[in-house]
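Fold and contact review
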Amino acid sequence: MIRRLEKLINKIPSIMHNTFKIKSIQSVMALSFTFITILAMFFVGITLYNIFLGTAETNVSSSTEQIMNQVNFNLENYLKGMMEISGLITDEFKNDIYSGQENLKNIFELTSKIRKDVVTLTVFSKKGELILKSPSKGYDNDFKVNQQEWFKILKEEPDKYLFLPPHVQRMYEKKRPWVVSLCRVLTINNYNVGKETYVTEVDMNFSAIDELCKSVSLGKRGYIYIIDTNGKLIYHPQQQIIYANLKSENTYLALNKADGSYFESFQGERRLVTIKTIGYTNWKMVGICYIDELVATNNKIKYLFMFVFIFGIIFVILASVFISAKISQPIKKLQKQMEKVEKGDFNINIEVKGEDEVKNLSKTFNIMVVRIRNLMDQIIKEQEAKRKSDIKALQAQINPHFLYNTLDSIVWMNENHKYDGVTTMVVSLAKLFRISISRGNELISIQDELEHARSYLTIQKIRYRNKFNFTIHAEPEVLKYKTLKLILQPIIENAIYHGVEHIQEKGSIEVNVGIYNDKVQFRIIDNGYGIKPNTLKGILDKESKDDSGVGLNNVHQRIQLYFGKEYGLKVESELDVGTTVEIWIPLFISEDGEQKNGGVV
Amino acid sequence: MKNVVRMTIVVGCIVFLIGCSVYIINRAIFDKETNKQTNILVVIKAIDLRMEFWDTVIAGIDAAAKEFDAKVEVTGSRTEKDIAEQIQILTNAIKSKPDAIILAADDYYALVPVVESIKKANIKLIIIDSGLNSDLPDSFIATDNVEAGKKAGERMSQLLQNDSKIAIISHVKGSSTAIEREQGVRKGLSKSLNDNIIGVYYSNAVQEKAYEIAKQLISENSDLKGIIGMNEASTVGAAMAIDDLGLREKVKLVGFDSSLSEVNFIEKDTIQATIVQKPFNMGYLSIKTAVQVLKGKKVSKKIDTGSELIIKENIYTEENQKLLFPFMHN
């Protein structure tokens, strides 16, 4: 259950993104908060309202029932009173009929005078002869009671009584009042005459019932009405209007339900209907209460709820927007700064502020930017260095001194008719320069590099009048690999000028190339003078003292710049024994790093 | 730019919600007060206390006034013949500007100008019982008098043989009820009886006058076999004349309306039949319709409250009891 709820809540941001295209943190937060809060408020509000309503309705039900019970009690007493009046004749007629009649007549007259609700009191014999009447004047002698339906039915049932529903009474001339009648058959045991059956009729108007039913209040518009089990209306506050068929009452419910409280909808309004059966009769008392008068259903309360709800929503919206703005502000700032970096401005530093996560982001971001800046500076420096050594190497390609001296040698040899030497020199020189330039490529095959070395050594051997011998030896498989150009010549140059040039015996320079440990190794071994230990120590570090030369450290630098720190030169030397220089480069076959400088071969 | 749009939406929502709440407060607080009481003036044909017909109309009006919470004032001319007085009452009424006027017209034509003035003053107007020659009133609530007259004529035809002489005692010449009922009676009478109408006489809705007319007619026309009374006063007056002359059932009397005395006369066979209207309904519906019109609801232009034929045998049926004997609690 909770998992599902979690899933649901997690879905909200993605819904925001996809359905509503709301993507900023602030909007998603504000909307999500608002939405969830409104939903919660809504549910809580409705639940509370319904509980409130339910309680109110229950209260109204029970209080209405109490009221009805009270009215019922009063009504039953009233009817009981009527029964007692009509029962008076039992006592009176028990003894002497004639004096009894006289007494009863007086009692009836008094009752009629005192009680405004009693219209007439009459006593008939079983045959329908009028025995007693009150009021005494105005009786219509044409009136035949034994033609009345109720009389025909009732007289056969001893000791039974009947309440007639409202009708117009015709016993008296010039008077046609609406009455409700209590008709009773009484069997009296008279001492003299024996058993005699009499029928009494008590006619009541509605004043007393009206008073009883109007005396209670069932809300401003509520009322009580009375109905009999045949569906005939006994009493209703708007009786005439209903009789005129101008209005109707929902008697169906009252007739078919047992005593109790029910809710109904009638003519668009919700009402509480309370039913109570009245004793002595077959009547039912129905109380109607209009629900919309209850406090809870009162429109005013509804409007108040709505108002509070809307006010709450406004507050929630404002609060959400405000809070989400505050939270997302540092993030927005961070975003803006990052945009600057994106555009290339690395000289920024972000304020470390906001929530923890944002603070960390800012800190890390600052560090990152500094690092990038440093890396960029480093690259620039490296590129500078590379450029410089490239330039130097370039210079070496076209070393003027070497050229002059070689050309001098050629001229000298030519003047001395050493034509073979001339040819060799010229050819070698041509090869040398051709490979030096190598169409501007940085990388050349090891074969070419060896050719270059060979050409150089050939020229120098002749120039130094065979002061030394040289050998160039390479394993066949290594030839196809590539190398940085002009790495051998400077070493060999050193081997000649600082090595074998100054020794007495014949010098020897060996150039060997092979593959060791998956790397290419060049070895230049000379048996020259050697390098002093002090010089040897820092030989790869210093700048070349010799301006016209390139120098060991230069080559070393170039190789390291180009291939990385694990490659480069290794120099070993022993004074008076010789020097061995190792050049390590990687196995390189690919075309990487070929600089298309547009050089021409 | 996006931010501006968003802010606008948020502000817009808030303004909308504030608007809603203001509206709600308005409704909540001021709803009660808008239910002002309506003022309605009722001008009936005559303030003649003896006509039960108008008493019952007023009873219906009172019941409706209570139910619809309206303040009602009832007035009228002295007799049904005082047309000028009725016009004067109405002209004065326009000045006091009631919300609605309910009128039972004394005359079909004479009341038209003042009716036009009433409608010009934007007062709602409901006509009851007697119509007039105008389409301006908001509604006309009355008995279908032609139909009612027809019932009376038909009954008389059943009571008499052909070639019997009959007379009609009507009320006010020129009132629409008189005109229409006479029309109806002639429709309902058999051809021969129609030819034997000795005349139409006008009691001006005064019982004593009707009595005189009836007495005179009977004494002057010994072969007069039937009288038709067109309203309560005319019928009661004629009944009393017949009773006093001891000519019960010898001169058949068919009448209109149902006062208590008329019921008694029917029971005693002085009146053979009467056509009963529904004055309570007329009065009740007039107020109800007026209130509906004031609320702006649509109402029928014409409402027929109907009529019933009452004879001795059917007085005390459940339905007729309710019709003939208005139920008053006190």
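Residues numbered from 1 in each chain as written. Chains lettered and ligands numbered in written order. Predicted model: local features only at pLDDT ≥ 70, side-chain atom pairs only at ≥ 80, totals over all residues. Heavy atoms only, no water.

1. Focus on unusual backbone geometry
The line we're drawing: Helical segments are the DSSP runs of H or I of at least four residues, strand segments are the runs of E of at least two, and each set is numbered from the N terminus. For the exposure calls, accessible area comes from a 1.4 Å probe over protein chains only, and a residue counts as buried if that area is under 20% of its type's maximum, exposed if over 50%, partly exposed in between.
Here A:S134 and A:P135 are connected by a cis peptide whose omega angle stands at 0°. Here A:P135 is to be found in the loop between β2 (130-134) and α4 (149-154). Positioned with a positive phi, B:E249 is a non-glycine residue whose angle comes to about 70°. With respect to the helices, strands and loops of the structure, B:E249 is situated in the loop between α9 (232-244) and β9 (252-256). Residue class for B:E249 comes out partly exposed when judged on its relative accessible area of 43%.

2. Focus: the sheet that holds strand β15 (residues 519-526) of chain A
Residue and element names in this part refer to chain A. In plain terms, the rule: Between any two strands, at least two bridges found by DSSP are needed for them to pair. Helix axes are fitted to C-alpha atoms over the stretch in contact, other axes to C-alpha atoms as well, and angles between N-to-C directions run from 0 to 180 degrees. Between two residues, a contact is recorded if the distance between any of their heavy atoms is within 4.5 Å.
Spatial ordering of the open sheet is given by β12-β14-β15-β17-β16, a layout of five strands whose pairing is mixed. Of all the strands in the sheet, just β12 (468-474) and β16 (568-574) have a single pairing partner and so form its edges. Within this sheet the neighbouring strands show an average axis-to-axis angle of 10°, counted without direction. Examined bridge by bridge, β15 and strand β17 (residues 578-586) share eight bridges and lie antiparallel to one another. When the bridges of β17 are listed, R523 appears paired with E582. Helix α13 (residues 488-499) rests against β12, β14 (507-516), β15, β16 and β17 of the sheet, and its axis sits at about 20° to β15.

3. Regarding the environment of A:K220
Mapped onto the elements of the fold, A:K220 is located in the loop between α5 (207-214) and β6 (223-228). For the pair A:K220 and A:E293, spaced 73 residues apart in sequence, the C-alpha separation works out to 7.5 Å.

4. Brief notes about the environment of A:H498
Note that A:H498 resides in helix α13. Through-space distance from the C-alpha of A:H498 to that of A:I531 is 8.1 Å; in sequence the pair is 33 residues apart.

5. A look at the sheet that holds strand β7 (residues 233-235) of chain A
All names here are of chain A. The sheet built from five strands is open, its strands ordered β7-β6-β10-β9-β8 with antiparallel pairing. The open sheet has two edge strands with one neighbour each: β7 and β8 (260-266). Neighbour-to-neighbour, the strand axes of the sheet open up by a mean angle of 35°, direction not taken into account. Bridging between β6 and strand β10 (residues 283-290) involves six bridges; their strand directions are antiparallel. Bridge assignment links D228 to a residue of β10, and that residue is W283. Relative to strand β9 (residues 269-277), helix α2 (residues 25-94) is tilted by about 40°, and along the sheet it contacts β6, β8, β9 and β10.

6. Focus on the confidence of the model for chain A
Heads up, the rule is: Here pLDDT means the predictor's own confidence in every residue, given as a number from 0 to 100.
Per-chain confidence: chain A averages 83 in pLDDT, with 93% of residues scoring 70 or above. Segment residues 593-601 of chain A is flagged for pLDDT under 50; beyond a separation of four residues in sequence, or across chains, it makes 16 contacts in the model.

7. Re the packing of helix α5 (residues 145-159) of chain B against helix α6 (residues 176-188) of chain B
Residue and element names in this part refer to chain B. For clarity, the cut-off: Roughly parallel here means an angle under 35 degrees, roughly antiparallel means over 145, roughly perpendicular means 65 to 115, and every remaining angle is called oblique. We call a crossing left-handed when the near helix sits turned anticlockwise from the far one by less than a right angle, and right-handed when that turn is clockwise.
The N-to-C vectors of α5 and α6 enclose an angle of 40°; their axes lie 6 Å apart at closest approach. Relative to α6, α5 is oriented oblique. The handedness of the crossing between α5 and α6 comes out as right-handed. Contacts from N145, V146, G149, K150, A152, G153, E154 and S157 of α5 reach α6 at T177, E180, R181, Q183, G184, V185, K187 and G188.

8. Some details on the pattern of salt bridges
All names here are of chain B. Rule in force here: Whenever a carboxyl oxygen of Asp or Glu lies within 4 Å of a side-chain nitrogen of Lys or Arg, that contact is scored as a salt bridge.
Counted by the stated rule, this structure contains 26 salt bridges over all chains. K119 is the salt-bridge partner of D138, the closest N and O atoms lying 2.8 Å from each other. Here D138 is found in the loop between β4 (124-128) and β5 (139-142), whereas its partner K119 is found in helix α4 (residues 112-120), with 19 residues between them in sequence. With a shortest N-O distance of 3.2 Å, D195 and K191 are connected by a salt bridge. On the criterion of helical spacing, the pair formed by D195 and K191 is a turn pair, its members being four residues apart in helix α7 (residues 191-195). Of the residues examined, D195 reaches a relative accessible area of 53% and is grouped as exposed. A residue is classified by how much of its surface remains accessible, and K191, at 64% relative accessible area, is exposed.

9. Details of the packing of helix α3 (residues 83-96) of chain B against α4(B)
Residues and elements named next belong to chain B. Here is the rule: All residues other than Ala, Val, Leu, Ile, Met, Phe, Trp, Tyr, Cys, Pro, Asp, Glu, Lys and Arg, Gly among them, are scored as polar; the first ten of these are nonpolar and the last four charged.
Two numbers describe how α3 lies on α4: the axes approach to 10 Å, and their chain directions differ by 10°. Judged by the angle between their axes, α3 and α4 are roughly parallel. Across the interface between the two elements, I87, L90, T91 and I94 of α3 pack against V114, S117 and I118 of α4. When grouped by side-chain class, the residues that make up the contact of α3 with α4 number five nonpolar, two polar and no charged.

10. A word on the interface of chain A and chain B
By convention, interface size is frequently given as the accessible area that disappears when the constituent parts associate. For clarity, the cut-off: Note on terms: buried area is the combined drop in 1.4 Å-probe accessible area of two parts once they are placed together, counting the loss on both.
Opposite the 36 residues of chain A that make contact, chain B presents 32 residues. Between chain A and chain B, the buried area comes to about 3400 Å², and carbon and sulfur atoms account for 65% of it. Linking chain A with chain B are three salt bridges. Across the pair B:E67 and A:K247 runs a salt bridge, and its minimum N-O distance is 3.3 Å. Within the residue set of the side of chain A that touches chain B, elements represented by two or more residues are β3 (161-168), α5, α6 (239-243) and α8 (299-343) of chain A. Ranked by residue count, the leading element in the side of chain A that touches chain B is α8(A), at ten residues. In terms of residue class, the side of chain A that touches chain B is made up of 18 nonpolar, nine polar and nine charged.

11. Comments concerning helix α2 (residues 52-68) of chain B
Residues and elements named next belong to chain B. Operational definition: One fewer than the residue count of a helix, multiplied by 1.5 Å, yields its expected span.
Over its 17 residues, α2 extends 24 Å from the first C-alpha to the last, a length consistent with the 24 Å expected when each residue adds 1.5 Å. Buried residues along α2 sit in contact with β1 (38-44), β2 (70-76), β4, α9 and α11 (279-294). One or two positions beyond α2, positive phi appears at D69, with a value near 55°.

12. Description of a positive patch on the surface
Residue and element names in this part refer to chain A. To be explicit about the condition: Residues forming no salt bridge and having over 30% relative accessible area are the ones grouped into patches, like charges within 9 Å of each other and nonpolar side chains (Val, Leu, Ile, Met, Phe, Trp, Tyr) within 5 Å. All accessible areas in this document rest on Shrake-Rupley with a 1.4 Å probe, and a residue is counted as covered only by the protein chains that are shown. Charge assignment in this entry is limited to Lys and Arg as positive and Asp and Glu as negative, and neither His nor the chain termini are counted. For charged residues, the charge sits on one atom: NZ in Lys, CZ in Arg, CG in Asp, CD in Glu.
Taken together, the side chains of R3, R4, K7 and K11 present a region of like positive charge at the surface. Inspection of the secondary structure assignment puts R3 in helix α1 (residues 2-18). For R3, a relative accessible area of 68% translates into the label exposed.

13. Overview of the pairing of β14(A)
Residues and elements named next belong to chain A. As paired strands, β12 and β14 are joined by seven bridges and run parallel to one another. Bridging from a neighbouring strand, N469 pairs with S508 of β14. Sheet analysis places β14 next to β15, joined by eight bridges and oriented antiparallel. Looking at the pairing, V513 lines up with F522 of β15.

14. Concerning the packing of aromatic side chains
The following threshold applies: Two rings from Phe, Tyr or Trp (for Trp, the six-membered ring) form a pair when their centres are within 6.5 Å of each other. A pair whose planes differ by under 30 degrees is stacked, one over 60 is edge-to-face, and the rest are tilted. Whether a charge lies above a ring is judged from NZ of Lys or CZ of Arg, which has to be within 6 Å of the ring centre and within 35 degrees of the ring normal.
For the structure shown, the criterion picks out 19 aromatic pairs over all chains. Here A:Y161 and A:F163 contribute two aromatic rings whose centre-to-centre distance is 6.1 Å and whose plane-to-plane angle is 90°, an arrangement assigned as edge-to-face. Residues A:F563 and A:F588 carry aromatic rings whose centres are separated by 5.3 Å and whose planes lie at 70° to one another, so their mutual orientation is edge-to-face. Taken together, the positions of A:F563 in helix α15 (residues 552-563) and A:F588 in the segment after β17 put the pair 25 residues apart, joining distant regions of the chain. Considered together, A:F563 and A:F588 belong to a single accessibility category, that of buried residues. Members of the aromatic cluster, each reached through a chain of ring pairs, are A:Y562, A:F563, A:Y567 and A:F588. The ring of B:Y316 has A:R170 lying over it, and the distance from NZ or CZ to the ring centre is 3.6 Å. Here the guanidinium or amino end of A:R221 rests over the ring plane of A:Y290, the centre of that ring lying 4.0 Å away.

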